[in-house]
Amino acid sequence: MKWLDEVKWDAQGLVPVIAQEATSGDVLMFAWMNREALQKTAELGRAVYFSRSRNKLWFKGEESGHVQTVHDIRLDCDNDVVLLKVTQLGHEPGIACHTGRHSCFYQRHENGQWHAVDPVLKDPESIYK
């Protein structure tokens, strides 16, 4: 597991992770991983994150069904940010955001305000149990 030792984990044992759609290049979301989450992601070929709010592993899609299949795992030049190239499953187009949108980055700064510029693809109330 030497490859895990090369990651620069923060003081809480976490590393920031960006999930990018493999086909479109869209940045879908930002999350965190601990050592176990990164190891499981590599082993399973499925995105596994660490939920700071729940203080436990979070298998993406465990509640929503919006699973991320991982095609590529990359580490940046400083070894402190992970990039996952994924296929977002569970809905067409893929929904990565808990708001029911394709991407978590749906707000654009315009004239000193944030505006939601991407549509809700599915009502979050119908996604989560």
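All values reported here derive from a predicted model rather than from experimental measurement.

**Q** For this particular structure, what's the right way to read the UniProt feature "binding site: Mg(2+)" (unreviewed entry) in the protein?
**A** The positions that UniProt labels "binding site: Mg(2+)" (unreviewed entry) are, in the present scheme, Asp-76, Asp-78 and Asp-80. With respect to the element layout, Asp-78 can be found in the loop between strand 5 (68–75) and strand 6 (82–88). Under the relative-accessibility criterion, Asp-78 is labelled partly exposed at 42%. Taking the relative accessible area as the measure of exposure, Asp-80 reaches 31% and is therefore partly exposed. Sequence-distant contacts of Asp-80, defined by excluding residues within four places in its chain, comprise Lys-8, Val-15, Pro-16 and Leu-75.

**Q** Looking at this model, I keep getting lost on the nonpolar core. Mind explaining?
**A** In globular proteins that are soluble, nonpolar side chains generally tend to be buried together. Among the nonpolar cores identified, the biggest contains 23 residues, and Val-17, Met-33, Tyr-49 and Leu-84 are the most heavily contacted of them. Residue assignment for this core shows that the elements contributing at least two residues are strand 1 (14–21), strand 2 (27–34), helix 2 (35–44), strand 3 (48–51) and strand 6. For this core, the element with the highest residue contribution is strand 2, accounting for five residues. The contact partners of Met-33, leaving out residues within four places of it in the chain, are Trp-9, Gly-13, Leu-14, Val-15, Val-17, Leu-38, Thr-41, Val-48, Tyr-49, Phe-50 and Leu-84.

**Q** Just to check I follow, could you spell out the layout of surface pockets for this structure?
**A** Think of a ball as big as a water molecule: rolled over the atoms, this probe shows where empty space is left. Taken as a whole, the largest pocket spans an internal volume of roughly 450 Å³. The wall of the largest pocket is formed by 19 residues, among which Met-29, Arg-54, Trp-58, Lys-60 and His-98 lie closest to the centre. If you list the elements that add at least two residues to the lining of the largest pocket, you get strand 2 and strand 3. Among the elements that take part in the lining of the largest pocket, strand 2 stands out by supplying four residues, more than any other. For the lining of the largest pocket, the per-class residue count stands at nine nonpolar, five polar and five charged.

Procedures and definitions
- Residues numbered from 1 in each chain as written.
- Predicted model: local features only at pLDDT ≥ 70, side-chain atom pairs only at ≥ 80, totals over all residues.
- Heavy atoms only, no water.
- UniProt positions renumbered as here; feature names shortened; annotations may be inferred.
- Helix = DSSP H or I, 4+ residues; strand = E, 2+ residues; numbered from the N terminus.
- Buried < 20%, exposed > 50% of the residue type's maximum accessible area, 1.4 Å probe, protein only.
- Contact = heavy atoms within 4.5 Å.
- Core = buried A, V, L, I, M, F, W, Y, C linked by side-chain atoms within 4.5 Å.
- 1 Å grid on protein atoms, 1.4 Å probe; cavity = no way out; pocket = protein on both sides within 12 Å on 5 of 7 lines; lining within 4 Å.
- Points joined across faces, edges and corners; volume = space filled by probe spheres on them.
- Nonpolar A, V, L, I, M, F, W, Y, C, P; charged D, E, K, R; others polar.

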